[in-house]
Amino acid sequence: MLTSQYTSLWFSRLTAIKRRCVDWLFPQMCLVCHTLSHQSLPICQACTADLPWLHHYCQQCGYPLPDASDHHYCGHCLTHWQPDVRFYGLFSYQSPIRQLLYQLKFQQRLIVAQLLGTLFAKTLLQSYPQPSDYPQLILPIPLHPRRIRQRGYNQALEIAKPISHHLNIPLSYHDCHRRKHTHAQATLPAALRQQNIAHAFQIDPLSVDHVAVIDDIYTTGLTSLTFIQSLRRQGIRQIDLWIAARAL
Ligand SMILES: [Zn+2]
Ligand SMILES: [Zn+2]
């Protein structure tokens, strides 16, 4: 039994190493249709156009709004308005983004983070009218050290790296800590989710008042909102929430 567990662990590690080698050797292959991408990015033009881009969405929680509407908030956020939070989303959490994020989180395909971060950077460059509107610091939502040891990296930080590079905004990964090893929110019933994430974060004093919080997936929003509350306690005045994939 133990031997078969070790065999399967080694097999999955070898598969991950093989994938990383292929990604490194052939970065121009499209990650979606597996043909040549003919672009500097590892995705072809046709697959880029077919991605589930978020267009018109609630500025607080990212929930899609009808394209024709001139509303800025969904019905829920109109009655739970938080003036200091602004949502910026890239995709809805659908195929093939769902599969790509799975590969990033569980199969060590860091090239997915590079792709998502680069696409996100392009979108953000259009969303902020002036560089003076940029947040002063990017904060990836931290993982617990135990999760980092299992995975090897924080996927939110990996997505943030190309954005930090393209927008020239500093990235911090030493100021925020996850002090509680929480269960994956999606695996818990709604009643236990709040309890699971409460007091999960600790933030060191920050000398900025406008930050961007970045995460890979926004599902119930509880993790992001708990993190935002911790930032508010540190006196952060304005928080932009950058989410790669919004679950609907
Ligand atoms: Zn393609
Ligand atoms: Zn909303």
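Structure first, text after, so check above.
Residues numbered from 1 in each chain as written. Chains lettered and ligands numbered in written order. Predicted model: local features only at pLDDT ≥ 70, side-chain atom pairs only at ≥ 80, totals over all residues.

K.L.:
Sorry, what's going on with the overall build of the protein here?
P.N.:
The number of helices and strands found in the protein is nine helices and six strands. Sorting the 248 residues of the protein into buried and exposed places 31% on the buried side. (Helix = DSSP H or I, 4+ residues; strand = E, 2+ residues; numbered from the N terminus. Buried ≥ 20, exposed ≤ 12 C-beta atoms within 10 Å, placed from the backbone.)

K.L.:
Got a minute to help me understand the packing of helix H5 (residues 110–127) against helix H7 (residues 155–167) in this structure?
P.N.:
What describes two packed helices is the angle between their axes and the distance between those same axes. Axis separation between H5 and H7 bottoms out at 7 Å; the angle between their running directions is 45 degrees. When the axis of H5 is compared with that of H7, the two are oblique. Seen from above, H5 lies across H7 with right-handed handedness. Contacts between H5 and H7 involve Leu110, Ala113, Gln114, Leu116, Gly117, Thr118, Phe120, Ala121, Leu124 and Leu125 from the first element and Gln155, Glu158, Ile159, Ala160, Lys161, Pro162, Ile163, His166 and Leu167 from the second. Taken together, the residues that form the contact of H5 with H7 break down as twelve nonpolar, five polar and two charged. (Axes fitted to C-alpha atoms, helices over the stretch in contact; angles between N-to-C directions. Parallel < 35°, antiparallel > 145°, perpendicular 65-115°, else oblique. Left-handed = near helix turned anticlockwise from the far one by under 90°. Contact = placed C-beta atoms within 7 Å. Nonpolar A, V, L, I, M, F, W, Y, C, P; charged D, E, K, R; others polar.)

K.L.:
Help me understand the sheet that holds strand E2 (residues 137–140) in this model?
P.N.:
The pairing of strands in a sheet comes from backbone hydrogen bonds and takes either a parallel or an antiparallel form. Spatially, four strands are ordered E1-E6-E5-E2 in an open sheet, and the strand pairing comes out parallel. Edge positions in the sheet fall to strand E1 (85–92) and E2, since each of these pairs with one other strand and no more. The mean angle between the axes of side-by-side strands here comes to 20 degrees, regardless of whether they run parallel or antiparallel. (Pairing = 2+ DSSP bridges.)

K.L.:
Is there a simple way to think about helix H9 (residues 222–233) in this case?
P.N.:
Along an α-helix, residues three or four apart share an orientation, since each turn contains 3.6 residues. If you check H9, its first and last C-alpha atoms are 17 Å apart, about what twelve residues at 1.5 Å a residue would give, namely 16 Å. Immediately beyond the C-terminal end of H9, within one or two residues, lies Gly235, with a positive phi of roughly 85 degrees. (Expected span 1.5 Å × (residues − 1).)

K.L.:
Sorry if this is basic, but what is going on with the environment of Ser164 here?
P.N.:
Of note, Ser164 is situated in helix H7. On the neighbour-count criterion, Ser164 (20 C-beta atoms within 10 Å) is buried. Considered as a pair, Ser164 and Ala121 are 43 residues apart in the sequence and their alpha carbons are 8.2 Å apart. With near-sequence residues (within four places) excluded, Ser164 lies in contact with Ile138, Ile169, Pro170 and Leu171.

K.L.:
Teacher, can you tell me more about the nonpolar core here?
P.N.:
Burial of nonpolar side chains together is a common tendency in soluble globular proteins. Of all hydrophobic cores here, the largest spans 54 residues; its most connected members are Leu116, Phe120 and Val213. Every element with two or more residues in this core is listed here: E1, helix H4 (97–106), H5, E2, H7, strand E5 (210–218), H9 and strand E6 (238–246). The leading source of residues in this core is H5, at eight residues. Composition of this core by domain shows at least three residues from each of domain 1 (1–50) and domain 2 (52–246). (Core = buried A, V, L, I, M, F, W, Y, C linked by C-beta atoms within 7 Å. Domains from an automatic or database assignment.)

K.L.:
Can you help me understand the pairing of E2 in this one?
P.N.:
Residues Leu137 and Leu139 point to one face of E2 and Ile138 and Pro140 to the other, with burial holding for every one of them. Bridge count between E2 and E5: four bridges; the pairing is parallel. By the bridge assignment for E5, Leu137 is matched with Val211.

K.L.:
Hey, could you run me through unusual backbone geometry in this one?
P.N.:
Most peptide bonds take the trans form, and the phi angle of most residues other than glycine is negative. Here the residue pair Ser95 and Pro96 is connected by a cis peptide bond, since its omega of 0 degrees sits within 30 degrees of zero. With respect to the helices and strands, the residue Pro96 is situated in the loop between E1 and H4. Of note in this structure, His34 is not a glycine but carries a positive phi near 65 degrees. Note on placement: His34 falls in the loop between helix H1 (2–25) and helix H2 (45–50). His34 sits in the exposed class, given 11 other C-beta atoms within 10 Å. For His38, which is not a glycine, the phi torsion comes out positive at approximately 55 degrees. Within the fold, His38 resides in the loop between H1 and H2. Looking at His38, the number of C-beta atoms within 10 Å reads 10, which means it is exposed.

K.L.:
Sorry, what's going on with H7 here?
P.N.:
With 13 residues, H7 ought to run about 18 Å at 1.5 Å a step, and its terminal C-alpha atoms sit 19 Å apart, in line with that. Along H7, the residues classified as buried are Gln155, Ala156, Leu157, Ile159, Ala160, Ile163 and Ser164. Following H7 by one or two positions, Asn168 adopts a phi angle in the positive range, close to 55 degrees.

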